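# Structural characterization, general
Here's the letter readout for the chains.
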Amino acid sequence: MTVRIAIVNSKSFGIYTNAIDRLKKLGEVIKVDVPKDIDGVELAEKLKGVHFIIASVTPFYGREFFENHRDVVMIVRHGIGYDNIDVRAAEEHGVIVARVPGWREREAVAELTIALILAALRRIVEASNSVKSGRWHERAKYVGKELPNLTVGVIGFGNIGSRVAGILINGFNAKVIVYDPYVPKAYIERLGCTYVESLDELLKQSDIITLHTILTDETKHMINREAFEKMKNGVIIVNTARGELIDTSALIEYIEKGKVAAAALDVVEGEPIDEKHPLQKYSNIIITPHIGAYTYESLIGMDEAVVEAIENYLNNKPIDGIVVMPRKRRSLMI
Ligand code: NAD
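Treat the numbers as computed from the prediction; the structure is a model and nothing was measured. (Residues numbered from 1 in each chain as written. Predicted model: local features only at pLDDT ≥ 70, side-chain atom pairs only at ≥ 80, totals over all residues. Heavy atoms only, no water.)

This next bit is on the domain arrangement of the protein. Parsing the protein into structural domains produces domain 1 (4-101 + 296-324) and domain 2 (106-287). Domain 1 and domain 2 are separated by 31 Å when their C-alpha centres are compared. Of the residues lining the interface, 8 residues belong to domain 1; the matching set on domain 2 comes to 8 residues. Taken as a group, K36, I80 and D83 account for 64% of the area that domain 1 buries against domain 2, more than any other trio of residues on that side. The tally of links between domain 1 and domain 2 comes to 1 salt bridge. (Domains from an automatic or database assignment. Contact = heavy atoms within 4.5 Å. Buried area = accessible area lost by both parts, 1.4 Å probe. Salt bridge = Lys/Arg side-chain N within 4 Å of Asp/Glu carboxyl O.)

On to the layout of surface pockets. Roughly 260 Å³ of volume is contained in the second largest pocket. Along the walls of the second largest pocket sit 16 residues, with L121, K145, G234, I236 and A261 positioned nearest its centre. Mapped by element, the contributors of at least two residues to the lining of the second largest pocket are α5 (103-121) and β11 (260-265). Residues of the lining of the second largest pocket, tallied by class, amount to 8 nonpolar, 4 polar and 4 charged. (1 Å grid on protein atoms, 1.4 Å probe; cavity = no way out; pocket = protein on both sides within 12 Å on 5 of 7 lines; lining within 4 Å. Points joined across faces, edges and corners; volume = space filled by probe spheres on them. Helix = DSSP H or I, 4+ residues; strand = E, 2+ residues; numbered from the N terminus. Nonpolar A, V, L, I, M, F, W, Y, C, P; charged D, E, K, R; others polar.)

Within this structure, the stated rule accounts for 6 aromatic pairs. Chaining the aromatic ring pairs together yields one cluster made of Y61, F65 and F66. It is K257 that lies over the ring of Y254; its NZ or CZ is 4.1 Å from the centre. (Phe/Tyr/Trp six-rings, centres within 6.5 Å; stacked < 30°, edge-to-face > 60°. Lys NZ or Arg CZ within 6 Å of the ring centre and 35° of its normal.)

As a further point, take unusual backbone geometry. Cis geometry is adopted by the peptide bond preceding P59, which originates at T58 and carries an omega value of -5 degrees. Following E271, the chain continues into P272 via a peptide bond in cis, with omega recorded as 0 degrees. In this structure, P272 sits in the loop between β11 and β12 (285-287). In this structure, H221 is a non-glycine residue whose phi angle is positive, near 55 degrees. Structurally, the position occupied by H221 is in the loop between β9 (208-211) and α10 (225-230).

Below, the structure is given as structure tokens:
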């Protein structure tokens with residue numbers, strides 16, 4: 001019997017590196033594509049006999065999956081966010097969960113965030129489309145604002161949020177206010193940002209709001225109707241974290257009302273979405289297909305981290321990027 005490794009639903013793992021060849025030295029490698037909403041029993045059946053799972057942002061690895069899958073010893077997320085894994089259920093079933101350490105994607109996601117902020121602020125996509133359709137003469141429509149005169153609200157001051165804030169302050173002289181109840185005020189202020197006590201305060205003061213929290217029960221739909229009500233007229237919303245942080249129907253309502261001037265989203269609730277999705281009809285909503293981490297540097301680092309995690313497991317070495325290390329680990333049955 002050999003070690004079996006499954007790459008599940010990933011479009012980017014191993015494309016720019018020799019990661020798959022390295023994995024093949026460890027065991028049998030299979031690529032599996034499953035529907036994003038597959039149920040746990042069916043998922044367990046599809047992945048039967050697999051010991052290591054390289055997981056993308058879909059599907060969801062819930063309790064049912066762990067109850068029905070007997071072979072997996074470790075799930076490694078090819079990414080930072082692990083909200084599609086029920087980590088408590090994994091722990092109870094003795095399965096290790098690891099992810100790509102945050103620093104590997106930090107710069108890539110922070111830079112895309114800045115690109116989206118600027119694209120929304122200067123209406124770059126709309127202006128470009130107007131030229132492409134022969135409407136150069138409409139250029140006076142595209143008058144934007146400058147960052148030193150604006151207040152940017154950063155929600156979530158971890159790995160990525162803190163880097164975005166740093167670029168905005170040092171590169172653009174923007175005023176940055178931060179809401180993150182789990183980060184000390186002194187740390188936020190040391191980096192030149194203004195600490196705000198409550199989300200409400202951030203919503204009231206910000207011209208641009210950029211989301212960088214993890215997705216939890218507490219943060220799901222944190223940007224909802226009540227939140228939009230409290231925002232300034234003409235606010236810009238940027239989300240490179242997780243689509244579910246925003247109540248999409250509320251966003252559409254406030255885009256329709258004109259209260260939200262623009263939104264730039266790298267992540268969308270229920271992604272992937274198609275061309276018929278209701279968000280698509282607004283020219284002031286920019287959507288990119290979850291490409292925050294898609295730079296060569298970041299993808300190479302992500303592949304490296306995933307392969308290293310599996311190699312280190314097999315060589316009994318410490319694993320970087322551990323999310324859950326159960327006290328009673330399931331044994332590798334080969
Ligand atoms: P992180 O864990 O380093 O930081 C998250 C921060 O959110 C923490 O500081 C935490 O205290 C804060 N937070 C938690 N609950 C909060 C709340 N209720 N209100 C305000 N802040 C809260 O994570 P990270 O590495 O900076 O990643 C940030 C987000 O970016 C995650 O959602 C991650 O999934 C996402 N991400 C997206 C891409 C992409 O391709 N677009 C790539 C990597 C990460």
